[in-house]
There are 2 protein chains.
Amino acid sequence: MAGIHLTLEAARGLSVSCLTANGCDDDNAQAVTEVMIKAERDGCTSHGIFRLPGYVKTLRCGRADGKAVPVVERISPAVVRVDGQNCLAPLALDRGRQPLIEAARETGIAALSLVRIFHMAALWPEVEAIAEDGLCALAVTSSRALVAPAGGTKAMFGTNPMAFGWPRRDGPPLVFDQAVSVMARGEVMIAARDGHALPEGVALDADGNPTTDAQAAVDGVLLPFGGYKGSSIGMMIELLAAGLIGETFAYETTANTADDGGAGRGGEVIIAIAPNRFGDGEGWLDHSEAFFAEMLKQDGVRLPGGRRHAERARIPKEGFHIPGSLHEKILALTNTE
Amino acid sequence: MAGIHLTLEAARGLSVSCLTANGCDDDNAQAVTEVMIKAERDGCTSHGIFRLPGYVKTLRCGRADGKAVPVVERISPAVVRVDGQNCLAPLALDRGRQPLIEAARETGIAALSLVRIFHMAALWPEVEAIAEDGLCALAVTSSRALVAPAGGTKAMFGTNPMAFGWPRRDGPPLVFDQAVSVMARGEVMIAARDGHALPEGVALDADGNPTTDAQAAVDGVLLPFGGYKGSSIGMMIELLAAGLIGETFAYETTANTADDGGAGRGGEVIIAIAPNRFGDGEGWLDHSEAFFAEMLKQDGVRLPGGRRHAERARIPKEGFHIPGSLHEKILALTNTE
């Protein structure tokens with residue numbers, strides 16, 4: 001494979017150095033780095049080190065504060081609020097996770113509201129970490145407006161991923177993380193970079209016409225998966241990740257924020273559920289394992305996350321590659337003398 | 001229009017008489033009737049009086065108890081559990097709604113777990129009633145196995161509707177209610193009854209081959225909307241409405257229950273969220289109204305529920321029609337001498 005070979009440890013050092021050189025304190029640099037490293041470890045290139053220049057842009061333009069100290073508050077018995085104070089999202093998530101888990105264990109179900117953060121990471125690491133502690137988790141976040149509602153031609157929703165995690169008896173939790181766009185923005189960006197065409201039904205160009213050109217899609221608008229049903233889910237995510245918590249809707253984020261490749265300020269909500277507070281004791285675990293086993297009896301059916309788990313067994317040993325151009329860009333961004 | 005003309009009041013009387021003749025006490029008969037009448041009032045034929053013979057089957061075979069008294073318990077600070085004692089679902093929902101709303105107002109977010117119920121109604125009336133009280137609500141339920149997971153050919157998930165409600169400043173709440181199947185089972189049943197073909201991509205026949213024949217679809221398996229993304233949502237709903245609360249997964253419901261046109265026992269979960277406990281005071285209401293107004297600036301974009309609200313203005317005055325054959329069947333089911 002072409003490009004620069006990196007171990008996860010080397011990538012970690014590269015990222016921390018670059019973020020530190022661009023104004024992050026150690027807490028922020030480590031937190032942001034860790035979500036990119038988790039993505040690389042699992043083979044999720046589109047949310048790995050590829051995102052580092054975007055984080056740097058968000059810091060350099062002064063939108064995000066690399067030295068922000070998030071403020072955590074339990075504002076209701078089952079609601080934890082983290083005011084990120086304009087941090088990049090990962091530090092706010094790290095600070096909110098344990099208080100959320102504690103609240104959910106006390107009350108049965110609890111929500112984490114994250115405001116004044118800049119989010120451009122994958123969502124699955126957040127629900128996976130909660131599910132590793134034995135809870136079910138559902139996370140939603142908004143972004144810039146990139147997706148048209150069903151029937152429309154102009155961006156109104158973010159790609160609005162929804163991530164869900166469920167504890168397994170053995171091995172890593174069951175986790176899925178899916179954008180409301182047919183194709184994730186990160187994947188479209190990778191396709192545009194590499195000159196690959198998109199499948200039909202993924203995007204409209206800037207004039208509202210269907211396109212398979214990835215760059216035209218980047219300049220145009222993405223379409224929701226499953227037509228009006230995916231569109232309804234995109235709308236629901238806007239209402240939860242923005243309307244509910246007083247953060248910006250995707251269309252407001254777009255209006256507020258220069259389109260410079262960096263992140264826009266936005267909100268996130270994670271709902272955590274403690275299954276053993278729902279009346280079935282510990283029975284839910286064996287019961288859901290039987291369900292997964294039944295699913296897997298069918299040829300062609302897979303549980304989400306299988307490819308990530310396979311990469312997770314391989315990449316920490318073998319490392320991974322990034323394009324030489326990305327490596328050079330990161331080094332240039334790090335050398336701020 | 002052909003068929004028998006009914007006012008809502010006449011339909012209510014027809015339904016209560018029929019359910020009472022088939023073993024329901026007044027509480028159960030009224031609750032079940034009310035959800036069918038709400039569906040008819042809003043023009044949702046597939047969840048209206050059309051369902052009455054199915055309810056009767058569920059009662060006559062002895063699975064459901066028309067005199068059941070649901071037991072309500074707050075099992076965790078933010079979790080209300082209703083054991084339906086084998087009632088038809090609507091009475092359990094009526095009994096759980098206010099305790100759920102009270103819990104959510106106290107804690108910010110709360111869940112209602114419904115077990116030992118027989119569900120075959122539309123979900124949207126449940127979230128609408130909660131949203132009319134100023135809360136956001138998300139409801140999910142499982143059913144018999146009718147939908148294949150992405151990549152599979154055998155039914156594993158229920159049609160697993162997800163319903164979402166959000167309060168509006170003026171007028172009825174924003175509500176959507178959508179099955180994880182491309183097409184709702186009720187719609188497929190109506191198409192089979194009327195001899196209409198289905199669009200492509202809706203179903204596989206009993207041999208696992210794509211079909212547009214509605215009866216073959218009823219005998220075969222439905223497909224999830226949006227491919228693997230809709231399939232993931234179907235799986236999530238199974239885990240919440242069955243795994244979490246100790247109720248039967250759709251594949252277990254199918255294995256346990258004769259396929260006689262009646263309902264199978266299953267679970268339901270409703271999450272209620274009190275927006276004014278999330279840190280934005282009352283700001284969320286104006287903020288989300290601005291979001292809806294922005295959506296509606298685009299030609300071709302509609303908010304869900306518009307057709308229902310238009311029918312709601314018309315049908316209570318004008319009444320509605322049911323097929324003569326359905327009317328005769330209901331009369332025959334009522335005459336149990």
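Just so it is clear, the structure is predicted and the values come from calculations on it, not from any experiment.

### Structural notes on the overall build of chain A
1) Next: For chain A, the count of helices and strands is twelve helices and twelve strands.
2) Next: Compactness check: chain A gives a C-alpha radius of gyration of 20 Å against a globular reference of 20 Å for 337 residues, within 12% of the reference.
3) Next: The burial tally for chain A puts 59% of its 337 residues in the buried class.
4) Next: Counting only contacts in chain A whose residues sit at least 6 apart along the sequence, the fraction spanning at least 24 positions is 67%.
5) Next: Total accessible area computed for chain A in this model is approximately 12400 Å², and 50% of it derives from carbon and sulfur atoms.

### Focus: the relation of the copies chain A and chain B
1) Next: Each copy superposes on the other: chain A lies on chain B with an RMSD of 0.0 Å after a rotation of 180° and an axial shift of 0.0 Å. Taken together, the rotation and translation describe the operation of a two-fold axis. No C-alpha of chain A lies nearer the rotation axis than that of A:Gly226, which sits 2.0 Å from it.
2) Next: A share of 100% of interface residues in chain A that are also interface residues in chain B marks the association as one of identical surfaces.

### Description of the sheet that holds strand β7 (residues 174-178) of chain A
Sheet strands line up and pair through hydrogen bonds in the backbone, either parallel or antiparallel.
Residues and elements named next belong to chain A.
1) Next: Reading across from one edge, β2-β3-β4-β11-β5-β6-β7 is the order of the seven strands in this open sheet, with mixed pairing throughout. Strand pairing shows two members of the sheet lacking a second neighbour, β2 (71-76) and β7, which therefore form its edges. On average, each strand axis in the sheet is inclined to that of its neighbour by 15°, with strand direction left out of account.
2) Next: Direction of pairing for strand β5 (residues 136-141) relative to strand β11 (residues 265-273): antiparallel, over a ladder of six bridges.

### Points about the sheet that holds strand β9 (residues 210-211) of chain B
Residues and elements named next belong to chain B.
1) Next: Taken together, three strands build an open sheet; the order of strands is β9-β8-β10 and the sheet is antiparallel. Two strands in the sheet have a free side with no partner beyond their single neighbour: β9 and β10 (221-222).
2) Next: Examined bridge by bridge, strand β8 (residues 203-204) and β9 share two bridges and lie antiparallel to one another. By the bridge assignment, Leu204 is partnered in β9 with Pro210.

### Some thoughts on the pairing of strand β6 (residues 162-166) of chain A
Strand residues, when the strand is regular, have side chains that alternate between the two faces of the sheet.
All names here are of chain A.
1) Next: Burial analysis of β6 places five of its five residues in the buried class, the great majority of the element.
2) Next: Judged by which residues are buried, β6 turns out to be covered on both faces: Met162, Phe164 and Trp166 on one side and Ala163 and Gly165 on the other are all buried.
3) Next: Relative to β6, β5 runs antiparallel, the two sharing four bridges. Residue pairing for β6: Ala137 is matched across the bridge by Gly165.
4) Next: In the sheet, β6 pairs with β7 via five bridges, with the strands oriented antiparallel. Bridging across to β7, Trp166 finds its partner in Leu174.

### Focus on the interface of chain A and chain B
1) Next: Residue-level contacts link 75 residues of chain A with 75 residues of chain B.
2) Next: Buried area between chain A and chain B, summed over both chains or domains, comes out near 5800 Å², and the portion from carbon and sulfur atoms is 73%.
3) Next: It is A:Lys229, A:Phe278 and A:Phe291 that lose the most area in chain A upon contact with chain B, and together they represent 13% of the buried surface on that side.
4) Next: At the boundary of chain A and chain B, one finds 22 residue pairs in polar contact (both at pLDDT 80 or more).
5) Next: A class-by-class count of the residues in the side of chain A that touches chain B yields 45 nonpolar, 19 polar and eleven charged.

### Describing the confidence of the model for chain A
1) Next: For chain A, the mean per-residue pLDDT works out to 95, and 99% of the residues sit at or above 70.
2) Next: Reported confidences for the modelled complex are a pTM of 0.96 and an ipTM of 0.96.

### Examining the environment of B:Ala274
1) Next: Along the chain, B:Ala274 turns up in the loop between β11 (265-273) and α10 (283-295).
2) Next: Of the residues examined, B:Ala274 reaches a relative accessible area of 1% and is grouped as buried.

### So, the packing of aromatic side chains
Residues and elements named next belong to chain A.
1) Next: Considering all chains together, one arrives at 17 aromatic pairs over all chains under this definition.
2) Next: Between the aromatic rings of Trp166 and Trp284, the centroid separation amounts to 5.7 Å while the plane-to-plane angle is 90°, which identifies the pairing as edge-to-face. With Trp166 in strand β6 and Trp284 in helix α10 (residues 283-295), the pair connects residues that are 118 residues apart, well separated along the chain.
3) Next: You can call Trp166 buried: its relative accessible area is 0%.

### Regarding the pattern of salt bridges
1) Next: With the rule as written, the count across this model stands at 42 salt bridges over all chains.
2) Next: For B:Arg314, the salt bridge is made with B:Glu318, and the minimal N-O distance between the two is 2.8 Å. Of the two residues, B:Arg314 and B:Glu318 both sit in helix α11 (residues 306-318), four residues apart, roughly one turn of that helix.
3) Next: On the basis of relative accessibility, which here comes to 48%, the residue B:Glu318 falls in the partly exposed class.
4) Next: Overlapping salt bridges, with partners in common, bring together A:Arg41, A:Asp42, A:Glu128, A:Arg308 and A:Arg312 in one network.

### Section: the side chain of B:Arg308
1) Next: Residue placement: B:Arg308 occurs in helix α11.
2) Next: If sequence neighbours within four positions are ignored, B:Arg308 has contacts with B:Asp42, B:Cys44, B:Trp124, B:Glu128 and B:Val175.

### Some thoughts on the state of the cysteines
Among covalent bonds in proteins, the disulfide is the one between the sulfur atoms of two cysteines.
1) Next: Inspection of every chain in the model, using the stated rule, returns zero disulfides over all chains.
2) Next: Cysteine B:Cys18 remains unbridged, with the sulfur of B:Cys24 as its closest cysteine sulfur at 9.1 Å.

### Structural notes on helix α5 (residues 124-132) of chain B
All names here are of chain B.
1) Next: The buried fraction of α5 amounts to eight of the nine residues, a majority that puts the element mostly inside the structure.
2) Next: Along α5, the positions that sit buried rather than exposed are Trp124, Pro125, Glu126, Val127, Glu128, Ala129, Ile130 and Ala131.
3) Next: One or two steps after α5, the chain reaches Gly134, where phi turns positive at roughly 90°.

### Topic: the side chain of A:Thr257
All names here are of chain A.
1) Next: Topologically, Thr257 is positioned in the loop between α9 (250-256) and β11.
2) Next: Here Thr253 takes part through its backbone oxygen, which lies 2.6 Å from a polar atom of the side chain of Thr257.
3) Next: Sequence-distant contacts of Thr257, that is, excluding residues within four places in its chain, are made with Arg63, Arg144, Ala263 and Gly264.

### Concerning unusual backbone geometry
The bulk of non-glycine residues show a negative phi, and the bulk of peptide bonds are trans.
1) Next: Backbone geometry places A:Arg116, a non-glycine residue, at a positive phi of 50°.
2) Next: With respect to the element layout, A:Arg116 can be found in strand β4 (residues 109-118).
3) Next: Given the relative accessible area of 27%, A:Arg116 is considered partly exposed.
4) Next: The residue B:Gln85 is not glycine, and still its phi comes out positive at about 55°.
5) Next: For B:Gln85, the location among the structural elements is in strand β3 (residues 79-88).
6) Next: Given the relative accessible area of 28%, B:Gln85 is considered partly exposed.

### Quick look at the environment of A:Leu222
Residues and elements named next belong to chain A.
1) Next: Note that Leu222 resides in strand β10 (residues 221-222).
2) Next: Residues Leu222 and Ser181 lie 41 residues apart in sequence; the distance between their C-alpha atoms is 6.1 Å.
3) Next: In this structure Leu222 touches Leu146, Val147, Ala148, Thr159, Ser181, Met183, Arg185, Val188, Val202 and Ala203, once residues within four positions along its chain are discounted.

### Comments concerning the packing of α10(A) against helix α8 (residues 228-243) of chain B
1) Next: At a closest axis distance of 11 Å, the pairing of α10(A) and α8(B) adopts a crossing angle of 145°. In the packing of α10(A) onto α8(B), the handedness of the crossing is right-handed. Of the residues in α8(B), those in contact with A:Trp284, A:His287, A:Ser288, A:Phe291, A:Phe292 and A:Met295 of α10(A) are B:Met235, B:Glu238, B:Leu239, B:Ala242 and B:Gly243.
2) Next: Across the contact of α10(A) with α8(B), the residue classes break down as seven nonpolar, three polar and one charged.

What counts, and where the lines are drawn
- Residues numbered from 1 in each chain as written.
- Chains lettered and ligands numbered in written order.
- Predicted model: local features only at pLDDT ≥ 70, side-chain atom pairs only at ≥ 80, totals over all residues.
- Heavy atoms only, no water.
- Helix = DSSP H or I, 4+ residues; strand = E, 2+ residues; numbered from the N terminus.
- Rg over C-alpha atoms; globule rule 2.2 N^0.38 Å.
- Buried < 20%, exposed > 50% of the residue type's maximum accessible area, 1.4 Å probe, protein only.
- Contact = heavy atoms within 4.5 Å.
- Areas by Shrake-Rupley, 256 points an atom, 1.4 Å probe, with all protein chains shown as cover.
- Least-squares fit on C-alpha atoms with pLDDT ≥ 70 in both.
- Pairing = 2+ DSSP bridges.
- Axes fitted to C-alpha atoms, helices over the stretch in contact; angles between N-to-C directions.
- Buried area = accessible area lost by both parts, 1.4 Å probe.
- Polar contact = N/O pair within 3.5 Å; in protein donor to acceptor, adjacent residues only side chain to side chain.
- Nonpolar A, V, L, I, M, F, W, Y, C, P; charged D, E, K, R; others polar.
- pLDDT = per-residue confidence, 0-100.
- Phe/Tyr/Trp six-rings, centres within 6.5 Å; stacked < 30°, edge-to-face > 60°.
- Salt bridge = Lys/Arg side-chain N within 4 Å of Asp/Glu carboxyl O.
- Disulfide = S-S within 2.5 Å.
- Left-handed = near helix turned anticlockwise from the far one by under 90°.

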